[in-house]
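# Architecture and fold: a report
One letter stands for each residue in the lines below.
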Amino acid sequence: MPTSQTLTTVNASINFKPVKDTIYSIKAVNANKYESPGKTVKVTVLPVPTVSSFSVTPTTITVGDGIRFDWSTANAVKVEINGVSYDSAIKTATIANAQDTTYTIVAINANGYRSVPNTVTITVLAKPTIASFSVSSTTITAGEDVIFTWNTPDASKVSINGTQYDSTLGTVRSKPVVNTDYTFIVYNANGYASAPKTISVTVLAVPVVTDFSSVPITITTGEEVTLSWKTTGASSVIVSEAS
């Protein structure tokens, strides 16, 4: 660019593109080449703002979780992340309840010039839920099995009393030996746990006849006998006769 230009248009404008701070001066000249006192204007040239780095932690969350942004910028006074402004100097920000899966940062200088955008993405998982959890029987006799069955949308694994299983199994067998409460919890791929659900299984003792006798053991037709017995683990008995 020449150091000066002479223009014949007295009321006009001209475009320049300075690359550093520049002072422009102007004088008006009449036909007799008489020059007026000069006027000056200084143009400050700000560097282009840039985003050196932009990251989000964690990159996989469950609905309702928070996230943290970290960034590094140059020549910026503020940044915008999905339209929300932050002081560029703080270099970090958090969102308590992340809703979006894509976040875009733009650095902005004091003149409002916006940088090339930089984008990060996160995975937002649904909260795991227990649609159903059931047991084949809530009362069994010692030695018998029970079968647990479940339906768990958005879960990657389940836990029954601390033992974990692949959620896709949908069923598992157990053999309790005493009365047992089974607590069922499901987890998504991010480790988020559902509210627990509990089922109680009652284990009854095996019924045993410990004593069975007849008094007397020999009779004449028409006489009676008295049958006596003792049991453990029984709530009732079946007495039958055969010849």
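Placed above this text is the structure.
Structure report, in brief. (Residues numbered from 1 in each chain as written. Predicted model: local features only at pLDDT ≥ 70, side-chain atom pairs only at ≥ 80, totals over all residues. Heavy atoms only, no water.)

## A few points about the pattern of salt bridges
- In total, this model carries five salt bridges according to the counting rule given.
- Glu 35 is the salt-bridge partner of Lys 27, the closest N and O atoms lying 3.4 Å from each other.
- A relative accessible area of 51% means that Lys 27 is categorised as exposed.
- Its relative accessible area of 45% is what places Glu 35 among the partly exposed residues.
- A salt bridge links Arg 173 to Asp 145, with the shortest nitrogen-to-oxygen separation between them at 3.6 Å. You can see Arg 173 sitting in strand β17 (residues 171–174) and its partner Asp 145 sitting in the loop between β13 (139–141) and β14 (146–151), a full 28 residues away along the chain.
- Among the charged side chains, a network of salt bridges with common partners joins Asp 145, Arg 173 and Lys 175. (Salt bridge = Lys/Arg side-chain N within 4 Å of Asp/Glu carboxyl O. Buried < 20%, exposed > 50% of the residue type's maximum accessible area, 1.4 Å probe, protein only. Helix = DSSP H or I, 4+ residues; strand = E, 2+ residues; numbered from the N terminus.)

## A look at the sheet that holds strand β10 (residues 118–121)
- As summarised here, the arrangement of the four strands in space is β7-β6-β9-β10, forming an open sheet in which the pairing is antiparallel. Each of the sheet's edge strands pairs with one partner strand only, and the pair in question is β7 (84–87) and β10. Each adjacent strand pair in this sheet contributes to an overall mean axis angle of 25°, direction not counted.
- Alignment of strand β6 (residues 78–81) against strand β9 (residues 102–108), held across four bridges, turns out to be antiparallel. Across the sheet, residue Val 79 finds its bridge partner in β9, namely Ala 107. (Pairing = 2+ DSSP bridges. Axes fitted to C-alpha atoms, helices over the stretch in contact; angles between N-to-C directions.)

## Observations concerning the packing of aromatic side chains
- Considering all chains together, one arrives at ten aromatic pairs under this definition.
- Judged by centre distance (5.7 Å) and plane angle (25°), the ring pair of Phe 54 and Phe 69 falls under stacked. Of this pair, Phe 54 sits in strand β3 (residues 50–57) while Phe 69 is found in strand β5 (residues 67–74), placing the two residues 15 residues apart along the sequence.
- The class for Phe 54 is buried, based on a relative accessible area of 9%. (Phe/Tyr/Trp six-rings, centres within 6.5 Å; stacked < 30°, edge-to-face > 60°.)

## Focus on unusual backbone geometry
- With an omega dihedral of -10°, the bond running from Thr 57 to Pro 58 counts as a cis peptide bond.
- Within the fold, Pro 58 resides in the loop between β3 and β4 (60–62).
- A cis amide bond links Val 215 with the next residue in sequence, Pro 216, at an omega value of -10°.
- Mapped onto the secondary structure, Pro 216 falls in the loop between β20 (208–215) and β21 (226–232).

## Some thoughts on the sheet that holds strand β19 (residues 197–204)
- A sheet is described by the order of its strands in space; here five strands give the open sequence β13-β19-β18-β15-β16, paired in mixed fashion. A single partner strand is all that each edge strand has here, and the edge strands are β13 and β16 (163–166). Adjacent strand axes in the sheet meet at a mean angle of 30°, parallel and antiparallel pairs treated alike.
- Here strand β18 (residues 180–187) runs beside β19; their pairing, made up of five bridges, is antiparallel. Bridge pairing links Thr 183 to Thr 198 in β19.

## Focus: the nonpolar core
- Ranked by size, the top nonpolar core spans 18 residues in total, and within it Phe 54, Ile 67, Phe 69, Trp 71, Ile 81 and Tyr 103 carry the most contacts.
- Mapped onto this core, the elements with two or more residues apiece are β3, β5, β6 and β9.
- If sequence neighbours within four positions are ignored, Tyr 103 has contacts with Phe 54, Ile 67, Phe 69, Ile 81, Asn 82, Ile 95, Ala 98, Asn 118, Thr 119, Val 120 and Ile 122.
- The next biggest cluster of nonpolar side chains, apart from the first, holds 16 residues, and it includes Val 135, Ala 155, Tyr 182 and Val 203. (Core = buried A, V, L, I, M, F, W, Y, C linked by side-chain atoms within 4.5 Å. Contact = heavy atoms within 4.5 Å.)

## Concerning the environment of Ile 160
- Tracing the backbone shows Ile 160 in strand β15 (residues 157–160).
- Note on Ile 160: relative accessible area 6%, which makes it buried.
- The spatial distance from the C-alpha of Ile 160 to the C-alpha of Gly 38 is 88 Å, given a sequence separation of 122 residues.
- If we ignore the near neighbours within four places in the chain, the residues touching Ile 160 are Phe 133, Phe 148, Trp 150, Tyr 165, Val 172, Tyr 182, Thr 183 and Phe 184.

## Regarding the side chain of Ser 194
- On the secondary structure map, Ser 194 appears in the loop between β18 and β19.
- Residue Ser 194 is classed as buried on the basis of its relative accessible area, which comes to 10%.
- Each residue touching Ser 194, except ones within four places of it in the same chain, is listed here: Pro 128, Ile 130, Ile 185 and Val 186.

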